[in-house]
Every structure is written in C-alpha cells, then in structure tokens.
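# Topology and contacts: notes
Take a look at the letters that make up each chain.
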Amino acid sequence: MSNPAEVDTPAADAAPADRPLRVAIIGAGPAGVYAADILTKAERDFEVSIDLFDAYPAPYGLIRYGVAPDHPRIKGIVKALHKVLDRGDIRFIGNVTYGRDLLLSDIRAMYDAVIFATGAIKDAPMDVPGVELEGSYGAADFVSWYDGHPDVPREWPLDAKEVAVIGNGNVALDVARVLSKHADDLLATEIPDNVYAGLKNSPVTDVHVFGRRGPAQVKFTPLELRELSHSRDVDIVLYPEDFEFDEASDEAIKTNNQVKTMVNTLANWMVEQDEREEDPDHEPASRRLHLHFLHSPVEVVGEDGKVAGMRFERQELDGTANVRGTGEIVEYPLQAVYRAIGYFGSELPELEFDAKRGVVVNDGGRVLDADGATVPGIYTTGWIKRGPVGLIGHTKGDALETVGNLLEDRTELPPASEPGEQAVLEFLADRGVEYTTWEGWLALDAHERSLGEAAGALQTDAGEITRERIKVVPREEMVRVSSESVRAAGAGA
C-alpha cells in the first residue's frame, strides 16, 4: 500500500452541470471519515456533498466501540476525526442502519455514489474442539461490552479465576490488560458504570496470553506491549522455554526496530522477574499476567458443559520464522477462554461478499458483482474492503485509492433521481427513523463529560481519581440526549 502522503490525489473531469456530486458513506469510523476528508480535499473543479451515515447514534465506529478505554492513542485519533467532522462540510447522520432503515435502492435514488466503510466487528472463527463450551468467548463481544456498545447485554460473566486469551495481536493484549487490571484503575477512563461494577467484582487472579509463534513474531506494537507493565498490582510472568529464536528471528531483530524493541522489552521483563524471585522482601502481586509463546491451540477442555482448561501443542521455529508442532501436549486449568485471533467482516445486503476473507468483493475499492463486473457507483474502503489487517495509517491509503477511483469514474456514475440534500432527511423522517446529527453528538459528548464531572473526585485503592466522562450505553438514551439538546438549542434560538 502506498503512503498517502506520497501520492497525489487524482483530479476529476467536468463537474455535474447544475448540482454537487452527491456521495453517501456508510460507516463513520476512521475509514469512512478518512474517505470523506480525502474526497472533500481532492483536486476538482466541481462541488461535492457528502453524507456520512452510521448505525450507532455516535460517530467514530471502532474507535468508540472497539479500542480499550485506557488506550493512550484514543484521544489523539478522536481529536483528528473530530476536527474533520467539525468543519461543517461533511454531514453526519447517525442511528441509521443500512439494510433496514436505508436500502441500496434508496441510496441510489438520492446519491450518485456510495462508499461502504462498515469495518469488521465479528470474531474470526477458531476451529478447535470445545470452542462452543460455556465460558468460551469471542474477544470482539467482550470488547463491545467493556466499550459500552449499545446493542450488547449490560452484564458479562466475570466469574473465572484463571483465564486464557488466545492471540498475539493488539486486541489480545487489550483484552488481557482489561481482564487483569484492577477496576479502580479504569475509573479515570470513560468506562460505563456497569462495566466498572462487573470488573470490580471479578475474582480473576491469572490471565494467560497464548501465541502460536515465538517472541520475535508477535503482532503487538511496542506501545501496546509496554502498557502491560503499567498495571498496578499485576506481575508479568514469562517462561524461559518460550524464548526461542531462529535465523529468521535473529534477522528480524537486526533489521526491524519494532521487533528489536519488543524483544528487548520482553528480555528486560525476564530479568526483572528473576530479580523479583530472588528478592526475599518482594510482595507478590494479587494478579498475574502470563505471556506464553510457541503454543498452538488443540482443544478447549470441558467439564459439565463449561470450560475447565485448554490443551496446546508446543511448537518450535523452523528457521524461517514459521513453526511446526513438537508433539508435546500441555494443559492449563482455566475457567474462561477469550478468542482474539482476528476480526471478520459481515455480509452487507445486496453486495457480493467473499465469505472466506470476510470482505465485499471489489477491485481497488470498486465493488464487483457475482460475474466480476464493476457495479457502477458503488465502492468500499477500510476493513470491509481489504480485511481486518493493518493499522489506522493503512486505512488512509485504502480511502485514497477508493476515492481516486470514484473520481476517475465520475462522468459515468448513474445520476441520482432525488439529489437534494433534504431528500434523505425527509425519507428517514417518513420512515420513522430517529436519526442523530453532528450537533446531537456534540450534545451527547458534553453530557457524558458532565456525568464524569458530577461524579467528582473518587477515593479508590489507586488513589484519588477524577472521571473524565461516563459513557452513555443505552441506544435510546443516546438518541434522547442527542435529540433533546438539539431541539432545546433550536427553541432557544
């Protein structure tokens, strides 16, 4: 993928003679916002009018509902997205679900083009026996719970003392960190009250993170890895037998600063662990976070229909940074297993879907039909375009490619029959959809911050904590706060 900063945005030909180019973007997470921003800034001699839709009443998608609340990069990303949407040249329309409130035929009647940026919110499957047992969970569902997703249950069964997290990516670390961290230490974040209450009562003592390959092949980022050591009263536990390096690993450590940093971090933790064990005055932490490498899942072990443990086959590196089984089976006692081996896209109505990759079938963002032909005026970007891999920067590159192809196709787009900006608002109102707006989000944002301020300074085991905000969870309350504040402002004017 090219670096967006090194690529010139393509220019388009003649603009529509009598009106702006109308574009709908489905999904108001980073992928959708970046696509809207790139389109507004593209070199062109015609006007564009962009509506950014989301199924949630609030914007930001995976940043609001898919990233751990104590992640330090959240604020920076949200600020960047806020800056784009706050300019006023992109209209946000929330609480609108594609395929229910707005069909493809509706969109095509009111827009010249549509970009789908719906992301990937389901867990990738893990095909091992016992995965269906009670106590076996998808990490994506747990993330949705602790992030206050409006469409998931308010309660989560946190009754396990020993927990496994399967995966060696950033989501696995987020899940492990939230499970092992003391709830009081999360109060300074935006976690909802029900999430705090659930985590506060968790009896967890040990969280195990299992990866299939070696320490030099992990998919973490250095920042995510280092965050593990910031948790109060949590010891990180490593195992010398897991620290295996082959020729390819040594080469990666020499040539890749990110790999070198992470391996050095792990090595330093190993030294600190040895020092703790040798120190007779050291007080063990009440919780432990174990990092295991070279473990391939074999079976989730059950007892009375519930998770009771998990078996793994020990792996060894083969010289190319890949692994092969050793035949040695190890088993750990567990009461819960969280699968964090990746996200997977969801099928979208009326669009051709690749069920193996979890993406909308496309060529450079141009959506294709069952015969492989381009569908005029329909595009895709982000994870639903390329699959759930890469970081935020890759999403910008996706958006640049997709927008470039849309502009290239502009003169051949099927024109909307009802292109007026008011048409979609009237359509949603007639259908009884309680849509939200950017002004409504600003009101909800202020309301959540006021809830945090009203909580005042709290005395906890972690010291005095001030809550920055308290996230509103119920969808109906989000809509109510958004709508009432905007109506009140209108009445005051």
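This section reports on the structure supplied with the text. Just so it is clear, the model here is predicted, and its values are computed rather than measured. (Residues numbered from 1 in each chain as written. Predicted model: local features only at pLDDT ≥ 70, side-chain atom pairs only at ≥ 80, totals over all residues. Heavy atoms only, no water.)

## Details of the side chain of Asp 235
- Positionally, Asp 235 belongs in strand E9 (residues 234–237).
- In terms of polar contacts, Asp 235 uses its side chain to reach the backbone amide nitrogen of Ala 285, at 3.2 Å. (Helix = DSSP H or I, 4+ residues; strand = E, 2+ residues; numbered from the N terminus. Polar contact = N/O pair within 3.5 Å; in protein donor to acceptor, adjacent residues only side chain to side chain.)

## With respect to the sheet that holds strand E8 (residues 206–210)
- A sheet is described by the order of its strands in space; here 6 strands give the open sequence E6-E14-E7-E8-E10-E9, paired in parallel fashion. One side of each edge strand has no neighbouring strand; the edge strands of this open sheet are strand E6 (136–138) and E9. Averaged over all adjacent pairs, the angle separating strand axes in this sheet is 20°, with direction ignored.
- Note that E8 and strand E10 (residues 287–292) share 5 bridges and pair parallel. Looking across to E10, one finds that His 208 is bridged to His 290.
- Here helix H10 (residues 257–278) sits on the sheet and contacts E9 and E10; the angle it forms with E9, its principal contact strand, is near 115°. (Pairing = 2+ DSSP bridges. Axes fitted to C-alpha atoms, helices over the stretch in contact; angles between N-to-C directions. Contact = heavy atoms within 4.5 Å.)

## Points about unusual backbone geometry
- The phi torsion at Asn 95 lies on the positive side, around 60°, for a residue other than glycine.
- Considering the arrangement of structural elements, one finds Asn 95 in the loop between strand E3 (90–94) and helix H4 (104–110).
- A residue is classified by how much of its surface remains accessible, and Asn 95, at 10% relative accessible area, is buried.
- Notably, Glu 350 is not glycine yet its phi reads approximately 70°, a positive angle.
- Among the secondary structure elements, Glu 350 is positioned in the loop between strand E15 (343–344) and strand E16 (353–354). (Buried < 20%, exposed > 50% of the residue type's maximum accessible area, 1.4 Å probe, protein only.)

## Considerations on the pattern of salt bridges
- Tallied over the full model, the rule gives 37 salt bridges.
- Where Arg 324 meets Glu 316, a salt bridge forms, and the shortest distance between an N and an O atom there is 2.9 Å.
- A residue is classified by how much of its surface remains accessible, and Glu 316, at 29% relative accessible area, is partly exposed.
- A cluster of three or more residues bridged by salt bridges with shared partners is formed by Arg 64, Glu 190, Asp 445, Glu 448, Arg 449, Glu 468, Arg 469 and Lys 471. (Salt bridge = Lys/Arg side-chain N within 4 Å of Asp/Glu carboxyl O.)

## Quick word on the packing of helix H5 (residues 139–146) against helix H6 (residues 170–180)
- Their axes nearest at 11 Å, the elements H5 and H6 cross at an angle of 55°. Judged by the inter-axis angle, H5 sits oblique to H6. The handedness of the crossing between H5 and H6 comes out as left-handed. On the side of H5, the interface is formed by Ala 139, Phe 142, Val 143 and Tyr 146, while H6 contributes Val 171, Asp 174, Val 175, Val 178 and Leu 179.
- Class assignment of the residues belonging to the contact of H5 with H6 gives a composition of 8 nonpolar, no polar and 1 charged. (Parallel < 35°, antiparallel > 145°, perpendicular 65-115°, else oblique. Left-handed = near helix turned anticlockwise from the far one by under 90°. Nonpolar A, V, L, I, M, F, W, Y, C, P; charged D, E, K, R; others polar.)

Just geometry here; none of it tells us what the structure is for.
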